[in-house]
Amino acid sequence: MPALHFIRTGGRHFKRAASVVRSAIHVVSVPQTSRDFNGASASNGPSEIGASHNGTSAACCWISTCCLVLLVLMVLSVASPFVHPTTEPEYAIDSISIKGINLTSPESLTLSPEFDISIIYGNRDENMGLYYYEKGSFISISYSNVILCSSGEIMPNFHQPKNNVTVLGMVLKCSGVKITTTIHDSLLRDQRQGKIRFVIDMKIPIRADTGAVEVTATSILKVFCAIKVNGLAMDSEIISKKQCVLVNRIWRSNYKNKGSDDSDNKLAKASS
């Protein structure tokens, strides 16, 4: 079972324009009768009865108005996470350490790679936290469309609060990975140039935490990351953009998306 460990977590706050909801309440007046229940005429004291009816109608209107206002406030408090636009989660590769890829040994066409990866989980939403699950999670690392290592059930169960950035580390170990001479020569050439491109694909089980409404459905986020490193060693460094891309968007279509550079800078600053 791959080793998992939390590295660090931190929170960030972001400015958001407040949404204002205005409700208009219309009161319809009810016409009063000119006669009492005993059939008395308007000139024989029905003014007192009319005044009583006016007071009762006014009281009913006030009670109805108060009840309606309370109902509207309750609905807004419960549905507030859905009224305000939400921001999609963000992911980036913080660092990667590589072992077990020796391209100069006699057995260099059979690899036993080990990748120690730190992944940034960014939740900039001001209304919702996020639940992450180990079951159904998956990650693979490939070079030139050849999977060098993969593992399922690797990501931990954890809850991420709103306005939060968390960095998680995970280790992938594989053995007996066969590569062709073409892939070997390409890896060796890229290593000499100090520009080795890896693709990291992830499936992340996720569920929204609204705080007021219980959401039981779990969705799978598909995340694509393409990075370049300067070597195949434990001290290798990422020399390209670290930001990942969401392949599928499982929630609302009105996300407040930011540019890749902007999001990458915010995640990098928050995790430092």
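Before any of the text, the structure's been laid out above.
Residues numbered from 1 in each chain as written. Predicted model: local features only at pLDDT ≥ 70, side-chain atom pairs only at ≥ 80, totals over all residues. Heavy atoms only, no water.

Asker: Provide a residue-level description of the nonpolar core, including the pertinent values.
Answerer: Core analysis: the biggest nonpolar cluster contains 45 residues, and Tyr 91, Phe 115, Ile 117, Ile 139 and Phe 198 have the highest contact counts within it. For this core, the leading source of residues is strand 11 (residues 196-209), giving six residues. Not counting residues within four places of it along the chain, the set of residues in contact with Ile 117 comprises Ile 93, Ser 95, Ile 96, Ile 139, Ile 141, Leu 168, Gly 169, Met 170, Leu 172 and Ile 200. (Core = buried A, V, L, I, M, F, W, Y, C linked by side-chain atoms within 4.5 Å. Buried < 20%, exposed > 50% of the residue type's maximum accessible area, 1.4 Å probe, protein only. Helix = DSSP H or I, 4+ residues; strand = E, 2+ residues; numbered from the N terminus. Contact = heavy atoms within 4.5 Å.)

Asker: Explain the pattern of salt bridges to me, and be specific about the residues and the numbers.
Answerer: Two side chains with opposite charge may pair up if their charged atoms get near one another. All chains considered together, the criterion is met by two salt bridges. Two residues, Arg 124 and Glu 90, come together in a salt bridge whose shortest N-O distance is 3.1 Å. Taken together, the residues Arg 124 in the loop between strand 4 (114-123) and strand 5 (129-132) and Glu 90 in strand 2 (residues 90-99) connect sequence positions 34 residues apart. (Salt bridge = Lys/Arg side-chain N within 4 Å of Asp/Glu carboxyl O.)

Asker: Could you give me a rundown of the state of the cysteines, with the residues and numbers involved?
Answerer: All chains considered together, the criterion is met by two disulfides. In this model, Cys 149 is linked to Cys 174 through a disulfide, with the two sulfur atoms separated by 2.0 Å. The S-S bond linking Cys 149 to Cys 174 shows a torsion near 80°; that makes this disulfide right-handed. Here the residue Cys 149 occupies a position in strand 7 (residues 146-152), and Cys 174 occupies one in the loop between strand 9 (164-173) and strand 10 (177-178), the gap between them amounting to 25 residues. For the residue pair Cys 149 and Cys 174, the accessibility class agrees, reading buried in each case. Between the sulfur atoms of Cys 225 and its disulfide mate Cys 244 the distance is 2.0 Å. (Disulfide = S-S within 2.5 Å.)

These values are about where atoms sit, not about what they do.
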